[in-house]
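Listed below are the residues making up each chain.
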Amino acid sequence: MATQDELKKQAAAQAVAMVQPNTVLGVGTGSTVAFFIDLLGQRNRQTPLNLKALVTTSSRSKQQLEANGFTVSELAEVAQVDLCIDGADRVDHQLDGIKGGGGALTLEKNVAINAKHNVWIVDQSKVVDRLGGFPLPVEVLPVSCEQNFRRFDRQGLQPAYRLKADGSRYVTHYGNYIIDLHVDPLPIPAGLAAMLDSTVGVVEHGLFLGMTDEVLIATESKIEHWTRK
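On a predicted model such as this, the values are computed, not experimentally measured, just so you know.

Under the feature "active site" (unreviewed entry), the UniProt entry names Glu108. Its relative accessible area of 5% is what places Glu108 among the buried residues. Those residues in contact with Glu108, other than ones at most four positions away along the chain, are Thr29, Thr57, Asp86, Lys99, Gly100 and Phe208.

The subject of this paragraph is the sheet that holds strand 8 (residues 159-161). Ordered by their spatial adjacency, 4 strands build an open sheet running 8-9-7-10, and the pairing between neighbours is antiparallel. Two strands in the sheet have a free side with no partner beyond their single neighbour: strand 8 and strand 10 (202-205). Strand-to-strand twist of the sheet, defined as the mean angle between neighbouring strand axes without regard to direction, takes the value 30°. Its contacts with the sheet place helix 4 (residues 105-113) against strand 7 (136-140), strand 9 (177-181) and strand 10, and it is angled at close to 70° to strand 10. Lying on the sheet, helix 5 (residues 145-154) is in contact with strand 7, strand 8, strand 9 and strand 10; it crosses strand 8 at an angle near 150°.

Taken in spatial order, the 6 strands line up as 2-1-3-6-12-13 in an open sheet, and their pairing is mixed. Each of the sheet's edge strands pairs with one partner strand only, and the pair in question is strand 2 (53-56) and strand 13 (223-227). Pairs of neighbouring strands in the sheet enclose a mean axial angle of 15°, with direction left out of account. Two strands pair when backbone bridges link them, and strand 1 (residues 24-27) and strand 3 (residues 81-86) are joined in this way by 3 bridges, in the parallel orientation. Opposite Gly26, over in strand 3, you have Cys84 as the bridge partner. Contacting strand 1, strand 2, strand 3 and strand 6 (115-123), helix 4 crosses the sheet at an angle of about 130° to strand 6.

Our focus in this paragraph is the packing of helix 1 (residues 4-18) against helix 2 (residues 31-46). Relative orientation of the contacting elements helix 1 and helix 2 amounts to 55°, with a least axis distance of 8 Å. The pairing of helix 1 with helix 2 is recorded here as oblique in orientation. With respect to the hand of their crossing, helix 1 and helix 2 are arranged in right-handed fashion. Contacts between helix 1 and helix 2 involve Asp5, Lys8, Lys9, Ala11, Ala12, Ala13, Ala15, Val16 and Ala17 from the former and Ser31, Thr32, Phe35, Phe36, Leu39, Leu40 and Arg43 from the latter. Broken down by class, the residue content of the contact of helix 1 with helix 2 amounts to 10 nonpolar, 2 polar and 4 charged.

Every second residue of strand 2 is oriented toward a common face, with Ala53 and Val55 on one face and Leu54 and Thr56 on the other, all of them buried. Here strand 1 pairs with strand 2 via 4 bridges, running parallel. Looking across to strand 2, one finds that Val27 is bridged to Thr56. For the segment spanning strand 1, helix 2 and strand 2, crossover handedness is right-handed.

Glancing now at helix 5. Of the residues making up helix 5, those classed as buried are Cys145, Asn148 and Phe152. Along the long axis of helix 5, the arc covered by the buried residues comes to 65°, so they all point the same way. Those residues of helix 5 that are buried lie in contact with strand 7, strand 8, strand 9, helix 6 (189-197) and strand 10. Trailing helix 5 by a residue or two, Gly156 shows a phi angle of about 75°, which is positive.

Once that is clear, we can look at the packing of aromatic side chains. Evaluation of the coordinates by the stated rule reveals 3 aromatic pairs. Ring geometry for Phe149 and Tyr161: centres 5.0 Å apart, planes at 10°, overall stacked. Of this pair, Phe149 sits in helix 5 while Tyr161 sits in strand 8, placing them 12 residues apart in sequence. These aromatic residues form a ring-pair network of at least three members: Phe149, Tyr161 and Tyr177. One residue, Lys99, lies across the ring of Phe208, its end atom 5.6 Å from the ring centre. The side chain of Arg169 reaches across the aromatic face of Tyr161, ending 3.7 Å from its centre.

Conventions adopted
- Residues numbered from 1 in each chain as written.
- Predicted model: local features only at pLDDT ≥ 70, side-chain atom pairs only at ≥ 80, totals over all residues.
- Heavy atoms only, no water.
- UniProt positions renumbered as here; feature names shortened; annotations may be inferred.
- Buried < 20%, exposed > 50% of the residue type's maximum accessible area, 1.4 Å probe, protein only.
- Contact = heavy atoms within 4.5 Å.
- Pairing = 2+ DSSP bridges.
- Helix = DSSP H or I, 4+ residues; strand = E, 2+ residues; numbered from the N terminus.
- Axes fitted to C-alpha atoms, helices over the stretch in contact; angles between N-to-C directions.
- Parallel < 35°, antiparallel > 145°, perpendicular 65-115°, else oblique.
- Left-handed = near helix turned anticlockwise from the far one by under 90°.
- Nonpolar A, V, L, I, M, F, W, Y, C, P; charged D, E, K, R; others polar.
- Right-handed = clockwise from strand over helix to strand, strands pointing away.
- Arc of directions from axis to C-beta.
- Phe/Tyr/Trp six-rings, centres within 6.5 Å; stacked < 30°, edge-to-face > 60°.
- Lys NZ or Arg CZ within 6 Å of the ring centre and 35° of its normal.

What follows is the structure in structure tokens.
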């Protein structure tokens, strides 16, 4: 029986096969995406993909891509992404998910919403029947973070500031804080997303609803391929 890492590599290899030459590629982050980047580099060295541009959602992936010989652009430098390959912290059977465990949810969502086609590659531990089992990150402006925290608390969403190892508040790439909502499972994700979208001071949240077209899942015995109906 294949190991989990071997299955992740198989899922990553299927995603690499989806990449077309002379296109704009978006690359996310995560353990399975790390395999994807190395395999993409191998393919590019064998037969150059001549990508028009490549954007990514994390500094870790940027460093790995550059180590594989790719030039990484900023999202603002491209008109649209043709294909985005990313991971997810949780995904349900409707292909909705929670992302942002690494703190890059704002950039992740901006890349995804500007991509023609989104594919997630995950292992089976990320699959749930109802979205939950993972804190929902909400990026908030420092100027009104306390008001938002109290609002979330009154709404029963069990907020907690994301902290660094030294106990100070985690600060995002854009200088904001993250409030993780620990309510589980999430109550009516679409309604919660709409509420967060309309809350002044919320920059972005980690609910990715209706945005993903395909999911490749490394299970114990095979790669499952889900597509949006």
